[in-house]
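The primary structure of each chain is shown beneath.
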Amino acid sequence: LGEVFRQRRVGGSEFFQAGIEDLGDPDVATTDARSLVEAVAMVRLAAPEAELEILLGDQTVFEAVLKALGLPRGWRMRLARTFGNAALLKETLTELSSERPMPNLAADLAKLAAKGEAAKLAKAIADEMAAKSLPAHAGRSPEEIAERLIEKTELASVRLTKRQFAALTEFLSIREPLATASDHLAKFAAKVDVALDLALADFATRAQEIARLGVDTDEVIYDAAFGRPLDYYTGLVFEIRSPQSVSNPLAGGGRYDRLLTLLGADRPIPGVGFSLWLDRLEALS
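It should be emphasised that the depicted structure is a prediction, and the values quoted were computed from it without experimental measurement.

(A) Focus on the overall build of the chain. The helix and strand tally for the chain stands at twelve helices and eight strands. Dimensions of the chain along its principal axes, counting C-alpha atoms only, are 70 × 45 × 35 Å. Residues classed as buried in the chain amount to 43% of the 285 residues present. The long-range fraction of contacts in the chain, counting pairs at least 24 apart against all pairs at least 6 apart in sequence, stands at 66%. By element, 54% of the accessible surface of the chain is carried by carbon and sulfur atoms, the whole surface being about 15500 Å².

Below, the structure is given as structure tokens:
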């Protein structure tokens with residue numbers, strides 16, 4: 001329980017939230033399920049008669065689809081960063097479906113970038129910097145510049161095929177009760193001929209755990225395009241809303257396995273959790 005500052009809002013930008021952080025448990029399916037079930041229980045405790053909408057997304061499944069469709073790593077990373085932002089995702093898909101200019105490079109550098117020769121490209125950049133008497137500490141290192149040029153070259157050289165675009169569009173349109181979502185995703189994978197076995201097995205196991213812990217999976221909606229606009233999420237994402245105010249969630253959370261290393265941990269630590277908007281729950285109760 002604590003005071004947070006997250007967004008501009010009527011009555012002041014600082015407000016209280018409560019929540020649970022579940023750290024260090026490697027059993028992803030169980031802890032994911034437990035987090036969602038506990039969030040539902042807390043909302044029900046505060047507002048037992050309220051009509052609720054429980055929405056679930058999964059960044060792991062989205063990233064598995066991108067990989068299975070054969071998109072290069074640079075585009076997969078870029079698209080993954082748009083997950084949960086419908087307008088930005090649409091814009092990025094449109095860009096990926098159209099022709100883009102290649103980086104303006106000398107022929108020898110362009111050839112190295114196209115081949116992904118990072119070490120040779122970094123040396124060539126370092127030699128050019130030295131020839132022009134540019135100090136190495138003045139900006140990015142030759143290695144960083146080379147990595148970015150290779151990524152930009154890769155991004156510019158790839159264009160979505162009609163098959164890939166159609167498959168992504170179909171995937172992002174999936175919206176199903178969690179009770180039937182696993183079967184729907186399996187049928188989608190078979191239809192577009194992509195291998196999603198591991199991601200779908202984990203998805204199904206989590207759904208079974210949610211049901212075992214007492215939440216009716218017919219009342220949880222899986223939306224393939226749903227994400228939460230915070231860039232540290234890595235897998236499960238969810239929100240609990242009131243149908244009268246879907247833009248103001250009562251609770252929201254998900255999995256963030258890379259967050260603690262970003263904050264300084266010396267090894268990856270599994271993490272999942274959620275926050276409750278106490279003022280919204282009070283207004284609803």
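(B) Region of the structure containing unusual backbone geometry. A positive phi angle, near 60 degrees, is found at Asp193, a position not held by glycine. Residue position: Asp193 is located in the loop between α9 (178-192) and α10 (197-212).

(C) The arrangement of α9 in detail. Its 15 residues give α9 an end-to-end C-alpha distance of 21 Å, which sits within 8% of 21 Å, the value for a rise of 1.5 Å per residue. Buried positions along α9 lie against β3 (53-58), α2 (59-68), α8 (162-172), β4 (175-177), α10 and β5 (220-223). A positive backbone phi angle near 60 degrees is found at Asp193, which sits one or two residues after α9.

(D) Layout of α8. All of the buried residues along α8 are Gln164, Ala167, Leu168, Phe171 and Leu172. With its buried residues spanning 125 degrees around the axis, α8 presents them on a single face.

(E) Representation of the nonpolar core. If you look at the biggest cluster of nonpolar residues, it comprises 62 residues, and the most contacted ones within it are Leu56, Phe62, Phe171 and Tyr222. Apart from residues no more than four positions distant in its own chain, Phe62 is found in contact with Leu79, Ala80, Phe83, Leu89, Leu168, Phe171 and Leu172. Leu109, Ile125, Ile145 and Ile150 belong to the second largest nonpolar core, which has eleven residues in total.

(F) Representation of the pattern of salt bridges. Under the defined criterion, the tally for this structure stands at 13 salt bridges. Measuring nitrogen to oxygen at the nearest pair gives 3.8 Å for the salt bridge that ties Arg34 to Asp25. We classify Arg34 as partly exposed; its relative accessible area is 28%. In this structure Asp25 comes out as partly exposed when scored by relative accessible area, which is 26%. In this structure, Arg206 and Asp58 form a salt bridge, with 2.6 Å as the shortest nitrogen-oxygen distance. You can see Arg206 sitting in helix α10 and its partner Asp58 sitting in strand β3, a full 148 residues away along the chain. Classification of Asp58 as buried rests on a relative accessible area of 3%.

The rules behind each value
- Per chain, residues are indexed from 1 in the order of the written sequence.
- Under the rules for a predicted model, residues below a pLDDT of 70 receive no local features and side-chain atom pairs below 80 are neither given nor counted, while totals for whole chains, interfaces and linings still include all residues.
- For the side-chain quantities, the full set of heavy atoms in the structure was used; hydrogens and water were omitted.
- Helix and strand definitions here come from DSSP, where helices need a minimum of 4 consecutive H or I residues and strands a minimum of 2 consecutive E residues; each element is numbered from the N-terminal end.
- Exposure categories follow from relative accessible area, calculated using a 1.4 Å probe and restricted to protein chains: below 20% of the type maximum is buried, above 50% is exposed, and the middle band is partly exposed.
- When checking whether two residues touch, look at their non-hydrogen atoms; a contact exists if any pair is within 4.5 Å.
- Areas reported here follow the Shrake-Rupley algorithm with a probe of radius 1.4 Å; residue values treat only the protein chains shown as occluding.
- For a helix, the expected span equals 1.5 Å multiplied by the number of residues minus one.
- Relevant arc is that of directions from the helix axis to the C-beta atoms, nothing else.
- What makes a nonpolar core is a set of buried Ala, Val, Leu, Ile, Met, Phe, Trp, Tyr and Cys residues whose side-chain atoms join them at distances within 4.5 Å.
- Salt bridge, as applied in this entry: a Lys or Arg side-chain nitrogen positioned within 4 Å of an Asp or Glu carboxyl oxygen.

Purely spatial values, then, with no claim about function.
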